[in-house]
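# Report on the structure
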Amino acid sequence: MALHRSAESVLPDSIDSDIQALQGDGIVARKRAFSREFIEEMREDMMTAFWQAIQRPGGTVGRGPRRWYVEVHPQAISGFAELATHPWFVAMCERVLGPEYKIVEIGFDVPFQGAKLQPWHRDFPSPPQSYIEHRITSLAFNLTGVDVTEDMGLFEVAAGTQWDDGRGWNHEMFPAKELWPRFEERAVRKLPQMGDMSCRSALTVHRGTPHGSPIARPVLVIGVDAPGAGHDKLHDLMVTQDYYDSLPQQVREHLICRVVEKLVPVTQKHDIEGLVMG
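Right, let's walk through the structure included here. These figures come from a predicted structure and were not determined experimentally.

Reading the values: rules and limits
- Residues numbered from 1 in each chain as written.
- Predicted model: local features only at pLDDT ≥ 70, side-chain atom pairs only at ≥ 80, totals over all residues.
- Heavy atoms only, no water.
- Buried < 20%, exposed > 50% of the residue type's maximum accessible area, 1.4 Å probe, protein only.
- Helix = DSSP H or I, 4+ residues; strand = E, 2+ residues; numbered from the N terminus.
- Pairing = 2+ DSSP bridges.
- Axes fitted to C-alpha atoms, helices over the stretch in contact; angles between N-to-C directions.
- Core = buried A, V, L, I, M, F, W, Y, C linked by side-chain atoms within 4.5 Å.
- Contact = heavy atoms within 4.5 Å.
- Phe/Tyr/Trp six-rings, centres within 6.5 Å; stacked < 30°, edge-to-face > 60°.
- Salt bridge = Lys/Arg side-chain N within 4 Å of Asp/Glu carboxyl O.

### What to know about the pairing of strand E5 (residues 138-144)
Within E5, seven of the seven residues are buried, which leaves it mostly tucked inside the rest of the structure. Side chains of E5 alternate between two faces, with Ser-138, Ala-140, Asn-142 and Thr-144 and Leu-139, Phe-141 and Leu-143 buried alike. The sheet contact formed by E5 and strand E10 (residues 219-225) spans seven bridges and is antiparallel. Following the sheet pairing, Asn-142 is matched in E10 by Val-221. In this structure, E5 lies alongside strand E8 (residues 197-201), joined through four bridges in antiparallel fashion. For Phe-141, the partnering residue across the bridge sits in E8 and is Cys-199.

### Some remarks on the sheet that holds strand E7 (residues 187-190)
Within the open sheet, the three strands sit side by side as E7-E6-E9. Their pairing is antiparallel. Here the strands that pair on one side only, and so sit at the sheet edges, are E7 and strand E9 (206-208). Going across the sheet, the axis of each strand differs from the next one's by a mean of 25°, ignoring polarity. With four bridges connecting them, strand E6 (residues 155-158) and E7 associate as antiparallel partners. Looking at E7, one finds that Phe-155 is bridged to Lys-190.

### Topic: helix H4 (residues 87-97)
Counting buried residues in H4 gives eight out of 11 residues, a clear majority hidden from the surface. Looking only at H4, the buried set comprises Trp-88, Phe-89, Val-90, Ala-91, Met-92, Cys-93, Val-96 and Leu-97. Backbone geometry just after H4 places Gly-98 at a positive phi near 100°.

### Some details on the nonpolar core
Grouped burial of nonpolar side chains is what soluble globular proteins tend to show. Phe-80, Phe-89, Ile-103 and Phe-141 are the most contacted members of the largest nonpolar core, which has 55 residues in total. Residues in contact with Phe-89, not counting those within four places in the same chain, are Leu-83, Ala-84, Tyr-101, Ile-103, Phe-141, Met-197, Ile-222 and Val-224. Formed by six residues, the second largest nonpolar core is a distinct cluster that contains Ala-158, Trp-169, Trp-180 and Phe-183.

### A look at the packing of aromatic side chains
Taken as a whole and judged by the stated rule, the model has 10 aromatic pairs. Relative to Phe-38, the ring of Phe-34 has its centre 4.5 Å away and its plane inclined at 20°; by these criteria the two rings are stacked. Overall, Phe-34 belongs to the buried group, its relative accessible area being 4%. By relative accessible area, Phe-38 is classed as buried at 1%.

### What to know about the pattern of salt bridges
What the rule picks out here adds up to 13 salt bridges. Salt-bridge contacts for Arg-36 lead to Asp-147; the nearest nitrogen and oxygen are separated by 2.8 Å. Pair noted here: Arg-36 is in helix H2 (residues 36-53) and Asp-147 is in the loop between E5 and E6, with a separation of 111 residues, a long-range link. On the basis of relative accessible area, Asp-147 is assigned to the partly exposed category, the value being 23%. Put simply, Arg-63 and Asp-109 hold a salt bridge, and the shortest N to O gap is 3.7 Å. Placement of the pair is Arg-63 in the loop between strand E2 (61-62) and strand E3 (67-71) and Asp-109 in strand E4 (residues 102-111), with a sequence separation of 46 residues. The class of Arg-63 is buried, set by a relative accessible area of 7%. It is possible to trace a salt-bridge network through shared partners that takes in Glu-150, Glu-156, Glu-184, Arg-189 and Arg-207.

Below, the structure is given as structure tokens:
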């Protein structure tokens, strides 16, 4: 894939303000990080992977009615190296997680027409470093495959909830319904456009909303850990030797993966139980 980054440079002062926004709201975005042509190819890759995965047992995980998550190997996304070397991606990872950050997950969520409202949730339980020290140990980068419209099951984020303790929640990820009014007061609905890249703490409480559009809304997810965060145990990324050799050294240094002779389809491990039934 040809390089289709925005020509916009990443300046230190802009990263400072992005870090401040991430620490405050739990999410921040870089507009027009990639060209529309790049994203069109990425969407094709995601939808091809979806139709392959939905046909095999364990290839997808339900995240509620008409909504699925698919984890893929890096080489299923033809622009993976460009994504993982984008200056904003690298700068956010280094500043938040440290220079030894680890890429542990590549996948995508895709709601179709008829997807329902999800419960408020976070992606996994909060570690003490976050609810005590207010330190982010894991980031999720998202890129939409389409221009999001109001009827596309918007991603809704409860700003500032990445520091919530959560140990009393169901599975330490799902707050009880009586707590929902607080999250609804903080809710911000996101309408990203093709080329935008967002970065959030995986602990920021969020939910998908009803999807009425006949157009599916695939969203790429790249999960990145600080050393010791441990989420690599939920994943098993593989690459072939020739693909690994083709990656820039900068990517090889940070990618947690196995080098194999032949790729084996991913059997999803990160099953968020409270979302399977919606």
